[in-house]
Amino acid sequence: MVQISLPKNSKVVKGKLYKDKTGSKQLKKVNVYRWDPSVGGNPRIDTYEVDMKNCQSKVLDVLNKIKNEIDPSLAYRRSCAHGVCGSCAMNMNGKNGLACTKPHEEIKGDLNIYPLPHLKVVKDLIGDLTTLYKQYESVEPWLKTSKKDDNKENLQSKKEREKLDGLYECIMCACCSTSCPSYWWNGDKYLGPAVLLQAYRWIEDSRDEDKKERLKKVADELKLYRCHTIMNCTNSCPKGLNPAKAIASIKKMLATT
Amino acid sequence: MKNKENPLSPHIQIYSWHISSLVSIVHRITGVINIITLTLICLWISTILLGTENYEIIRNFLISFFGKFLIIGITWSFSFQILSEIRHLFWDFGYGFDLKISKLTGALVILGSFILTLIIYFLGTGLFE
C-alpha cells in the first residue's frame, strides 16, 4: 500500500555534531543516517565535519575517513571499492548509487548519506535485503538445459551472445529496486527492476530451454505489471544498465507471443 | 527480519525528483482528475432532462471567471494526459528508454501540455477562424 509518511519509530531526529579537530580550512559537512539496534530509539542524523584536503575522491573515502579518524562506531557495507561487488550501495543526496564510484566533488554543499530507501535498517547505513534475495531466487537464475553431455561446449552464436549485453553486467547492488516507488509500496509482491532484469537475462539466453515457463512465471499483475515506467531504476543504476527497458521487453514479449 | 523495532529507511522523503518521475506522478493525478471531470460532464448533460434552468445555472458558473479558470485547468489536464499517453505508447513499442531520450520526451510532454492548452483555448475563442 502507498504510505507516504514514515512509521513513528522511523522518524528521523537530529543527532550529534562532530566538530572538526584538524583545523583544516577545507571542510565539508557530512550528514549520516544513524541507528544502532543495541540502543534502539529513533534513527538520527549525525553531522561530521570532514577535512577534505586530506581525503581521496569518492564518497566511500569520506566514509572511511570518518570511520578511521572520527567515529569508529559507524557501520556500512563495503568490499571491493571498485564498483564490482555492489556492497556500498546507498543513497547519496537523494540518489542511489555506489559510494565507491561516486565522486564527492559532484555533490555541492553538504553531503547527505542515507541507507537504500524503504528497507528495514539493520544498523546505520545497512539495509535488510532478505526479501530481494528471496525474489531473486524465485526467478531461478541459473541455466536450465536438457543437454547432459558434460564434455561438449554449449555453443552460442555471436549474435545470441550480444543479446545478453546490458544484462549480464548487473551486480545486484539493489540501487534500482530501492529507488522504485512501485517497489516501495508493493515490495512484497512486485519483483522490482533488479530481479526482473535478471529474469529477462535468462529469458533472453539462447541456451536456456525454459523460456516459456520463465515468461509464464513473471506474467503476473503484481510481479511484473506494477512497473509504471517511472524510470528511477535506469536513472540510478551505477553500471549504466537499463532495467526499465528490460521490463518493457518482457511485457512486449508477453503481448506478442 | 524478526525484530519489528528496526526502523524503515526514508524513501520518498529523501529521494530526488527528475523529469520522468515527475511526469509519471502528474500522469496519474491528471488521470484521476479526468475521470472525475468526465463523470461531472455527463451529470451536467443529464441535468438537461430536468429542464433548462438546471443547465443554465451550471453554464453561468462555467462562464464566470472562476469557471473559466477551472475549464482551462481541465484542458491542461487532458492535454497532459494525451501527450504523456503517447509517450507511453512509444515505450510499449520498445522505443525511448535511453536516459537522454526519456528526459527529452518528458520535457516535451510538460512543454507540449501548455502549448496544446493554448491552442485549444484559442480554437475555442475562434482566433484561428
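Keep in mind that what you see is a predicted model, and the values were worked out from it rather than measured. (Residues numbered from 1 in each chain as written. Chains lettered and ligands numbered in written order. Predicted model: local features only at pLDDT ≥ 70, side-chain atom pairs only at ≥ 80, totals over all residues.)

## Overview of the overall build of chain B
Then comes step 1: Each helix and strand counted, chain B has four helices and zero strands in total.
Then comes step 2: Ordering the α and β elements of chain B from the N terminus gives α-α-α-α.
Then comes step 3: Computed over its C-alpha atoms, the radius of gyration of chain B comes to 20 Å, more than 25% above the 14 Å expected for a compact globule of 129 residues.
Then comes step 4: With respect to the principal axes defined by its C-alpha atoms, chain B has extents near 65 × 40 × 30 Å.
Then comes step 5: Split into buried and exposed, the 129 residues of chain B put 18% on the buried side.
Then comes step 6: If you take every contact in chain B between residues at least 6 apart in sequence, the share linking residues at least 24 apart comes to 74%. (Helix = DSSP H or I, 4+ residues; strand = E, 2+ residues; numbered from the N terminus. Rg over C-alpha atoms; globule rule 2.2 N^0.38 Å. Buried ≥ 20, exposed ≤ 12 C-beta atoms within 10 Å, placed from the backbone. Contact = placed C-beta atoms within 7 Å.)

## Overview of the overall build of chain A
Then comes step 1: Counting its secondary structure elements, chain A contains eight helices and eight strands.
Then comes step 2: The principal-axis extent of the C-alpha atoms belonging to chain A is close to 65 × 40 × 30 Å.
Then comes step 3: The buried share of chain A, taken over its 257 residues, is 39%.
Then comes step 4: Counted over contacts in chain A with a minimum sequence separation of 6, partners at least 24 positions apart contribute 68%.

## What to know about the packing of helix α5 (residues 192-203) of chain A against helix α6 (residues 211-218) of chain A
Residue and element names in this part refer to chain A.
Then comes step 1: The contact between α5 and α6 brings their axes to 9 Å, and the two run at 160°. It follows that α5 is roughly antiparallel to α6 by the angle criterion. As for how α5 packs across α6, the hand of that crossing is left-handed. Note on element contacts: α6 touches α5 through Lys211, Arg214, Leu215 and Val218, opposite Leu196, Ala199, Trp202 and Ile203.
Then comes step 2: Partitioned by chemical class, the residues of the contact of α5 with α6 number six nonpolar, no polar and two charged. (Axes fitted to C-alpha atoms, helices over the stretch in contact; angles between N-to-C directions. Parallel < 35°, antiparallel > 145°, perpendicular 65-115°, else oblique. Left-handed = near helix turned anticlockwise from the far one by under 90°. Nonpolar A, V, L, I, M, F, W, Y, C, P; charged D, E, K, R; others polar.)

## With respect to the interface of chain B and chain A
Then comes step 1: With 23 residues of chain B at the contact, the number on the chain A side is 41 residues.
Then comes step 2: Going through the elements one at a time, α1 (19-46), α3 (65-93) and α4 (99-125) of chain B are the ones with two or more residues in the side of chain B that touches chain A.
Then comes step 3: Among the elements that take part in the side of chain B that touches chain A, α1(B) stands out by supplying three residues, more than any other.
Then comes step 4: The residue makeup of the side of chain B that touches chain A, split by class, is 10 nonpolar, 12 polar and one charged.

## What about the pairing of strand β3 (residues 44-51) of chain A?
Residues and elements named next belong to chain A.
Then comes step 1: Pairing analysis gives four bridges linking strand β1 (residues 13-18) to β3, with the strands arranged parallel. From the neighbouring strand, Leu17 faces β3, where its bridge partner is Thr47.
Then comes step 2: With eight bridges joining them, strand β2 (residues 27-34) and β3 adopt antiparallel strand pairing. Counterpart to Val30 in the pairing with β3 is Tyr48. (Pairing = 2+ DSSP bridges.)

## A look at the nonpolar core
The nonpolar side chains of soluble globular proteins are, as a tendency, buried together.
All names here are of chain A.
Then comes step 1: Residues Met90, Ala99, Ile113, Leu196 and Ala199 are the most contacted members of the largest nonpolar core, which totals 63 residues.
Then comes step 2: The element best represented in this core is α5, accounting for eight residues.
Then comes step 3: Two domains each provide a minimum of three residues to this core, namely domain 1 (8-127) and domain 2 (130-146 + 155-256).
Then comes step 4: For Ala99, the residues in contact, after removing those within four places along its chain, are Lys58, Val59, Leu60, Leu63, Cys88, Met90 and Met92. (Core = buried A, V, L, I, M, F, W, Y, C linked by C-beta atoms within 7 Å. Domains from an automatic or database assignment.)

## Focus: the packing of helix α2 (residues 130-138) of chain A against α5(A)
All names here are of chain A.
Then comes step 1: Contact geometry of α2 with α5 gives a least axis separation of 9 Å together with a crossing angle of 20°. On the basis of the axis angle, α2 is roughly parallel to α5. Note on packing geometry: the crossing formed by α2 with α5 is right-handed. Every residue of α5 that contacts α2 at Leu132, Gln135 and Tyr136 is listed here: Gly192, Ala194, Val195 and Gln198.

## A few points about the domain arrangement of chain A
Residue and element names in this part refer to chain A.
Then comes step 1: Each assigned domain of chain A is listed with its residue range as follows: domain 1 (8-127) and domain 2 (130-146 + 155-256).
Then comes step 2: Spacing between the C-alpha centres of domain 1 and domain 2 amounts to 30 Å.
Then comes step 3: The partner domain 2 presents 11 residues to the 14 residues of domain 1 that form the contact.
Then comes step 4: When residues of the side of domain 1 that touches domain 2 are assigned to their parent elements, the largest contribution, four residues, is made by strand β5 (residues 95-98).
Then comes step 5: Looking at the side of domain 1 that touches domain 2 residue by residue, the classes come out as seven nonpolar, six polar and one charged.

## Side note on the confidence of the model for chain B
Then comes step 1: Confidence in the prediction of chain B, expressed as mean pLDDT, is 92, and 95% of residues score 70 or more.
Then comes step 2: Both confidence scores are given for the complex: pTM 0.92, ipTM 0.91. (pLDDT = per-residue confidence, 0-100.)

## Examining unusual backbone geometry
Residue and element names in this part refer to chain A.
Then comes step 1: The phi dihedral of Glu140 falls on the positive side, at around 50°, and the residue is not glycine.
Then comes step 2: Tracing the sequence through the fold places Glu140 in the loop between α2 and α3 (158-162).
Then comes step 3: You can call Glu140 partly exposed: it has 15 C-beta atoms within 10 Å.

## Things to note about the environment of Ile29(B)
All names here are of chain B.
Then comes step 1: Examined against the element boundaries, Ile29 turns out to sit in helix α1.
Then comes step 2: You can call Ile29 exposed: it has 12 C-beta atoms within 10 Å.
Then comes step 3: Ile29 sits 49 residues away from Phe78 along the chain, and the two C-alpha atoms are 11 Å apart.

## Focus on the sheet that holds β5(A)
Adjacent strands of a sheet form backbone hydrogen bonds with each other and so pair up, either parallel or antiparallel.
All names here are of chain A.
Then comes step 1: Spatial strand order, β1-β3-β2-β6-β4-β5: six strands in an open sheet with mixed pairing. Of all strands in the sheet, those with a lone pairing partner are β1 and β5, marking the two edges. Strand-to-strand twist in this sheet, taken as the mean axis angle between neighbours without regard to direction, amounts to 30°.
Then comes step 2: Looking at chain direction, strand β4 (residues 89-92) and strand β6 (residues 111-114) are connected through two bridges and run antiparallel. Note on β6: the bridge partner recorded for Met92 is Ile113.
Then comes step 3: Its contacts with the sheet place helix α1 (residues 59-70) against β1, β2, β3, β4 and β6, and it is angled at close to 95° to β3.

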